Amino acid sequence: MLEELNKKAKKVGLHVAHAKKAELYSIRKVKNGKLVAKNVDADEATKIIKKYK
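Now for a description of the structure that goes with this document. Here the structure is a predicted model, which is why all the values come from computation and not from measurement. (Residues numbered from 1 in each chain as written. Predicted model: local features only at pLDDT ≥ 70, side-chain atom pairs only at ≥ 80, totals over all residues. Heavy atoms only, no water.)

## Some thoughts on the overall build of the chain
Now for step 1: Along the backbone of the chain there are 2 helices and 3 strands.
Now for step 2: Taking 53 residues into account, the globule formula puts the C-alpha radius of gyration at 10 Å, and the chain, at 10 Å, falls close to it.
Now for step 3: With respect to the three principal axes, the spread of C-alpha positions in the chain is 25 × 20 × 15 Å.
Now for step 4: Counting over 53 residues, the chain shows a buried share of 32%.
Now for step 5: Considering only contacts in the chain between residues 6 or more positions apart, those separated by 24 or more positions represent 18%.
Now for step 6: Entry remark: accessible area of the chain is about 4100 Å², with carbon and sulfur atoms responsible for 50%. (Helix = DSSP H or I, 4+ residues; strand = E, 2+ residues; numbered from the N terminus. Rg over C-alpha atoms; globule rule 2.2 N^0.38 Å. Buried < 20%, exposed > 50% of the residue type's maximum accessible area, 1.4 Å probe, protein only. Contact = heavy atoms within 4.5 Å. Areas by Shrake-Rupley, 256 points an atom, 1.4 Å probe, with all protein chains shown as cover.)

Take a look at the structure:
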């Protein structure tokens, strides 16, 4: 799942990584590393990626 999210996120300039909690992700901007979202599940991460398009 992480690989799929990262492929989508890379196109819009974001990076997805595993959070400390299981099954959750954090999203950062590639350009400056600023945190966009923390401790979101896969569905929320997809929504955030679509929002940045």
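## Looking at the side chain of Ser 26
Now for step 1: Relative to the elements of secondary structure, Ser 26 occurs in strand β2 (residues 25-29).
Now for step 2: Discounting residues that sit within four places of it in the chain, Ser 26 has contacts with His 15, Val 16, Ala 17, His 18, Ala 19, Leu 35, Ala 37 and Lys 38.

## With respect to the nonpolar core
Now for step 1: Counting 12 residues, the largest nonpolar core consists of Leu 5, Ala 9, Leu 14, Val 16, Tyr 25, Ile 27, Ala 37, Val 40, Ala 42, Ala 45, Ile 48 and Ile 49.
Now for step 2: Those elements giving two or more residues to this core turn out to be α1 (2-11), β1 (14-18), β2, β3 (35-40) and α2 (42-51). (Core = buried A, V, L, I, M, F, W, Y, C linked by side-chain atoms within 4.5 Å.)

## Things to note about a positive patch on the surface
Now for step 1: A grouping of Lys 7, Lys 8, Lys 11, Lys 50 and Lys 53 is seen on the molecular surface, where their side chains present a positively charged patch.
Now for step 2: By residue number, the principal contributor to the positive patch is α1, which donates 3 residues.
Now for step 3: By the element assignment, Lys 8 lies in helix α1. (Patch = residues over 30% accessible without salt bridge, like charges linked within 9 Å, V, L, I, M, F, W, Y side chains within 5 Å. Salt bridge = Lys/Arg side-chain N within 4 Å of Asp/Glu carboxyl O. Lys, Arg positive; Asp, Glu negative; His and termini not counted. Charge placed at Lys NZ, Arg CZ, Asp CG, Glu CD.)

## A look at the environment of Asp 41
Now for step 1: Mapped onto the fold, Asp 41 is located in the loop between β3 and α2.
Now for step 2: As a C-alpha pair, Asp 41 and Ala 19 span 22 residues in sequence and 9.7 Å in three-dimensional space.
Now for step 3: Side-chain polar atoms of Asp 41 contact the backbone nitrogen of Glu 44, separated by 3.1 Å. (Polar contact = N/O pair within 3.5 Å; in protein donor to acceptor, adjacent residues only side chain to side chain.)

These results come straight from atomic positions and should not be treated as a statement about function.
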